[in-house]
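Residue-level structure breakdown
Chain residues, written in single-letter form:
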Amino acid sequence: MTRAPFELSVERHIAAPPAEVWQIMTGRITEWWCPRPWTTTIGKLDWRAGGAFHLIMRGPDGEADCHGEDSTGGVLLEFVPGHRFVFTDAFSEGWQPRTPFMVGSFAIEPDGDGTRYHASARHWTAEAMEEHIKMGFEPGWTAVADQLAALAEKVDT
């Protein structure tokens, strides 16, 4: 996979079949979406291209994520069942333009006896990418990948 300018990514092998990983990625998204002890609730989620993609993250003391509780979320740009979903915060529901931060992509594919997981964040500017790095992209998105793997591999965390 060619790396785009201003892209950050995490990749790992998950020792579970792709169909099982996909079911957890989409059906149990609140269980793995943000690093513990943070939690995720669904504001609105419509699994289709153009559908609403609004997940709300809360810290252990109830603090909201960087977007705040009044976040308007984003939209799914692409949804390929069993393989990939791509979202952006550049638009809110109904294709209303917003100040963009990133395009997020989560993809899986068969990998030997398991699944290859790839998550990336593409940013419009070097400054936005640097801000994401300072927010803890690598440790945060790696923890998220590990949480997803633990669910799919049925490992207690």
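In what follows, the accompanying structure is described. Please read these numbers as outputs of a predicted model, since none were measured by experiment. (Residues numbered from 1 in each chain as written. Predicted model: local features only at pLDDT ≥ 70, side-chain atom pairs only at ≥ 80, totals over all residues. Heavy atoms only, no water.)

1. Overview of the nonpolar core
Grouped together as the largest cluster of nonpolar side chains are 33 residues, with contacts concentrated most on Met25, Trp32, Trp33, Phe85, Phe106 and Tyr117. Those elements giving two or more residues to this core turn out to be strand S1 (7–14), helix H1 (18–27), strand S3 (52–58), strand S5 (84–88), strand S8 (102–111), strand S9 (114–123), helix H2 (126–134) and helix H3 (137–152). Looking at this core, the element that brings in the most residues is H3, giving 8 residues. The residues contacting Trp32, other than those within four sequence positions of it, are Ile24, Met25, Phe106, Tyr117, Val144, Gln147, Leu148 and Leu151. (Core = buried A, V, L, I, M, F, W, Y, C linked by side-chain atoms within 4.5 Å. Buried < 20%, exposed > 50% of the residue type's maximum accessible area, 1.4 Å probe, protein only. Helix = DSSP H or I, 4+ residues; strand = E, 2+ residues; numbered from the N terminus. Contact = heavy atoms within 4.5 Å.)

2. Topic: the packing of aromatic side chains
Under the definition given, this model contains 18 aromatic pairs. Pairing Phe53 with Phe87 gives two aromatic rings, centres 4.5 Å apart and planes at 20°, and the pair type is stacked. Of this pair, Phe53 sits in strand S3 while Phe87 is found in strand S5, placing the two residues 34 residues apart along the sequence. Across the pair, Phe87 and Phe53 agree in class, each one buried. Ring centres of Phe106 and Trp141 lie 5.4 Å apart, and the angle between their planes is 25°; this geometry places the pair in the stacked category. With Phe106 in strand S8 and Trp141 in helix H3, this pair connects stretches of sequence that are 35 residues apart. Taking the relative accessible area as the measure of exposure, Phe106 reaches 2% and is therefore buried. (Phe/Tyr/Trp six-rings, centres within 6.5 Å; stacked < 30°, edge-to-face > 60°.)

3. Quick notes on the sheet that holds S3
Strand order in the open sheet formed by 7 strands is S1-S9-S8-S5-S4-S3-S2, and the pairing between neighbours is antiparallel. Of all the strands in the sheet, the pair left with one neighbour each is S1 and strand S2 (39–45). For this sheet the average axis-to-axis angle between neighbouring strands, irrespective of direction, equals 25°. Sheet analysis places S2 next to S3, joined by 6 bridges and oriented antiparallel. Directly across from Thr39, in S3, lies its bridge partner Arg58. (Pairing = 2+ DSSP bridges. Axes fitted to C-alpha atoms, helices over the stretch in contact; angles between N-to-C directions.)

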